[in-house]
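Given next are the chains, with one letter for each unit.
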Amino acid sequence: MTLSMKNDAKDDATRHGLALAPTSDLIAPLLVTLVVAVLVVGTVLARRRGYGIGGETIVRCSQNHLFTTLWIPGASFKAVRLGAKRFQRCPVGRHWSLVTPVRAEDLTEEEEQAAAAVHDAHIP
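The structure presented is a predicted model; accordingly, all values stated were derived computationally and were not measured.

Student: An account of the pairing of strand 2 (residues 66-71) is needed here, citing residue identities and associated values.
Tutor: Counting buried positions along strand 2 gives five out of six residues, so the element sits mostly inside the fold. Relative to strand 2, strand 1 (residues 55-61) runs antiparallel, the two sharing six bridges. Paired with glycine 55 across the strands is tryptophan 71, a residue of strand 2. What sits between the antiparallel neighbours strand 1 and strand 2 is a turn of four residues, in which asparagine 64 has the positive phi angle 70°.

Pasting the structure below:
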């Protein structure tokens, strides 16, 4: 098939309203839009369930220590993201551990105050 025959086939498809496969120019923006939408929806759902995702968040390590960390969906500067958990350093026990967000309503006032008093390393 010559180049002119390929162009004629594309012109025929366009004239008859047939959709062509998306070009690579469209794939990247669509993918970015999809990822952002998933992160936004996930953040909104987590906040509705009482988790402080999307900012300063109270978390619990695997040894039940409570502390506050910066939790930004889709980004991780101090931890390895593993779905709803993260592997990061616990400043209370000074160890590396899996941490999970905690709903404030599941904590006593004392636990909430203790978690607010201990923050992991700040991002410079």
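Student: Give a description of the packing of aromatic side chains that names residues and reports values.
Tutor: Tallied over the full model, the rule gives one aromatic pair. When the ring of phenylalanine 87 is compared with that of tryptophan 96, the centres are 5.8 Å apart and the planes differ by 25°; the resulting orientation is stacked. Lying across the ring of tryptophan 71, arginine 86 places its NZ or CZ 4.2 Å from the centre.

Student: Please provide a residue-by-residue account of the confidence of the model for the protein chain, values included.
Tutor: Per-residue pLDDT for the protein chain averages 79, and the proportion of residues at 70 or more is 73%. The least confident element of the protein chain is helix 1 (residues 3-15), whose mean pLDDT is 52; the most confident is strand 5 (residues 95-101), at 96.

Student: Break down the nonpolar core for me, citing the residues and quoting the values.
Tutor: Core analysis: the largest hydrophobic core is formed by seven residues, namely Ile53, Val59, Cys61, Phe67, Trp71, Cys90 and Val99. Going through the elements one at a time, strand 1 and strand 2 are the ones with two or more residues in this core. If sequence neighbours within four positions are ignored, tryptophan 71 has contacts with Ile53, Gly54, Gly55, Thr57, Val59, Ala84, Lys85, Arg86, Val99 and Pro101. The next biggest cluster of nonpolar side chains, apart from the first, holds five residues, and it includes Ile58, Leu66, Val102 and Leu107.

Student: Account for the sheet that holds strand 5, naming residues and giving values.
Tutor: The five strands lie next to each other as 2-1-5-4-3, forming an open sheet whose pairing is antiparallel. On the outer flanks of this sheet lie strand 2 and strand 3 (80-82), each paired with one strand and no other. Strand-to-strand twist across the sheet, computed as the mean angle between neighbouring axes with direction ignored, equals 45°. The sheet contacts of helix 3 (residues 109-117) involve strand 1 and strand 2, and relative to strand 2 the element is tilted by about 55°.

Student: An account of the side chain of threonine 69 is needed here, citing residue identities and associated values.
Tutor: Considering the arrangement of structural elements, one finds threonine 69 in strand 2. One polar contact links threonine 69 to aspartate 120, side chain to side chain, over a distance of 2.6 Å. Setting aside chain neighbours within four positions, we find threonine 69 in contact with Gly55, Glu56, Thr57, Val59, Lys78, Gln88, His119 and Asp120.

Student: Please give an account of the pattern of salt bridges that cites residues and values.
Tutor: By the definition in use, this model includes three salt bridges. One salt bridge in this structure joins lysine 78 and aspartate 120, with 3.1 Å as the shortest N-O distance. Residue lysine 78 is located in the loop between strand 2 and strand 3, and its partner aspartate 120 is located in the segment after helix 3; the two are separated by 42 residues in the primary sequence. The exposure class assigned to lysine 78 is partly exposed, which follows from its relative accessible area of 25%. Close ionic contact of arginine 103 with aspartate 106 constitutes a salt bridge, the shortest N to O distance being 3.0 Å. What makes aspartate 106 partly exposed here is its relative accessible area of 47%. Through salt bridges with shared partners, a single ionic network connects Arg103, Glu105 and Asp106.

Thresholds, definitions, all that
Residues numbered from 1 in each chain as written. Predicted model: local features only at pLDDT ≥ 70, side-chain atom pairs only at ≥ 80, totals over all residues. Heavy atoms only, no water. Buried < 20%, exposed > 50% of the residue type's maximum accessible area, 1.4 Å probe, protein only. Helix = DSSP H or I, 4+ residues; strand = E, 2+ residues; numbered from the N terminus. Pairing = 2+ DSSP bridges. Phe/Tyr/Trp six-rings, centres within 6.5 Å; stacked < 30°, edge-to-face > 60°. Lys NZ or Arg CZ within 6 Å of the ring centre and 35° of its normal. pLDDT = per-residue confidence, 0-100. Core = buried A, V, L, I, M, F, W, Y, C linked by side-chain atoms within 4.5 Å. Contact = heavy atoms within 4.5 Å. Axes fitted to C-alpha atoms, helices over the stretch in contact; angles between N-to-C directions. Polar contact = N/O pair within 3.5 Å; in protein donor to acceptor, adjacent residues only side chain to side chain. Salt bridge = Lys/Arg side-chain N within 4 Å of Asp/Glu carboxyl O.

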